[in-house]
Amino acid sequence: MNRNAVTEKIIAAKVARGITWAEVATKLGRSKEWTTALCLGQMTADAGQAQVLGEIFGLGDEERRWLQVVPFKGSLPTSVPNDPLIYRWYEMVSVYGTTIKELIHEEFGDGIMSAIDFSMDITREPDPKGDRVHVVLSGKFLPYKTW
């Protein structure tokens, strides 16, 4: 048993039960974005969250314990992703990454945007030319220290 096996079981149970990540998130009391990351093996559950997920997905005690183990972050199997949707994010960062970096540094100074003190919201934005994906990323700015 390992965390990847638990993730595969969660996905299989989700498909078999026909539930959405938003429904799981509501039962867990968290955002659909964070809940999805947790269920896909990128976040760590506390004991209460592991209990709820165990009930939703039919996980045993050992599987629930695996949800509480700090995971290895980063789920892409290759350096350049080949899934079309994930590749588009890679492409956006490749094209606009230096622009994003420059504008953040101009506004905040020398530092980084945290992916730890972070939130994300993904919604559908109706558009007559075809619905749009609206993504908001919010990370705490962490300035570099001088010493």
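A brief look at the structure comes next. (Residues numbered from 1 in each chain as written. Predicted model: local features only at pLDDT ≥ 70, side-chain atom pairs only at ≥ 80, totals over all residues. Heavy atoms only, no water.)

## A word on the nonpolar core
Here's step 1: Counting residues in hydrophobic clusters, the biggest one holds 16 residues, and the most contacted among them are I10, V24, C39, L53, F57 and L67.
Here's step 2: Elements that contribute at least two residues to this core include exactly α1 (3–17), α2 (21–28), α3 (32–39) and α4 (47–57).
Here's step 3: Residue contributions to this core peak at four residues, all from α4.
Here's step 4: Once you skip the residues sitting within four places of it in the chain, L53 turns out to touch V24, L28, L38, C39, G58, L59 and L67. (Core = buried A, V, L, I, M, F, W, Y, C linked by side-chain atoms within 4.5 Å. Buried < 20%, exposed > 50% of the residue type's maximum accessible area, 1.4 Å probe, protein only. Helix = DSSP H or I, 4+ residues; strand = E, 2+ residues; numbered from the N terminus. Contact = heavy atoms within 4.5 Å.)

## Side note on the environment of K101
Here's step 1: Its place among the elements puts K101 in helix α6 (residues 84–108).
Here's step 2: In the structure, K101 is positioned eleven residues away from I112 in sequence and 8.5 Å away in space, judged by C-alpha atoms.

## So, the pattern of salt bridges
Here's step 1: Taken as a whole and assessed by the stated rule, the structure comprises four salt bridges.
Here's step 2: One salt bridge in this structure joins E33 and K32, with 2.9 Å as the shortest N-O distance.
Here's step 3: The salt bridge involving D131 is made with R124; its shortest N-O contact spans 2.9 Å.
Here's step 4: Here D131 falls in the partly exposed class, since its relative accessible area comes to 44%. (Salt bridge = Lys/Arg side-chain N within 4 Å of Asp/Glu carboxyl O.)

## Some words on the layout of surface pockets
Here's step 1: Its boundaries defined by the atoms lining it, the largest pocket holds a volume of some 1,900 Å³.
Here's step 2: When residues of the lining of the largest pocket are traced back to their parent elements, those giving at least two are α3, α6, β1 (111–125) and β2 (132–143).
Here's step 3: The biggest single contributor to the lining of the largest pocket is α6, with eleven residues.
Here's step 4: The residue inventory of the lining of the largest pocket, partitioned by class, reads 24 nonpolar, seven polar and four charged.
Here's step 5: By volume, the second largest pocket amounts to about 150 Å³.
Here's step 6: Taken together, R3, N4, T7, L40, G41, Q42, P71, F72 and S75 form the lining of the second largest pocket. (1 Å grid on protein atoms, 1.4 Å probe; cavity = no way out; pocket = protein on both sides within 12 Å on 5 of 7 lines; lining within 4 Å. Points joined across faces, edges and corners; volume = space filled by probe spheres on them. Nonpolar A, V, L, I, M, F, W, Y, C, P; charged D, E, K, R; others polar.)

## Looking at the packing of aromatic side chains
Here's step 1: Following the criterion strictly, the structure yields two aromatic pairs and no others.
Here's step 2: When the centroid spacing of 5.8 Å and the interplanar angle of 40° are considered together, the rings of Y87 and Y90 count as tilted. Of this pair, Y87 and Y90 both sit in helix α6, three residues apart, which is roughly one turn of the helix.
Here's step 3: Accessibility expressed as a relative area gives 34% for Y90, which makes it partly exposed.
Here's step 4: Positioned above the aromatic ring of W34 is the side chain of R30, whose terminal nitrogen or guanidinium carbon lies 5.7 Å from the ring centre. (Phe/Tyr/Trp six-rings, centres within 6.5 Å; stacked < 30°, edge-to-face > 60°. Lys NZ or Arg CZ within 6 Å of the ring centre and 35° of its normal.)

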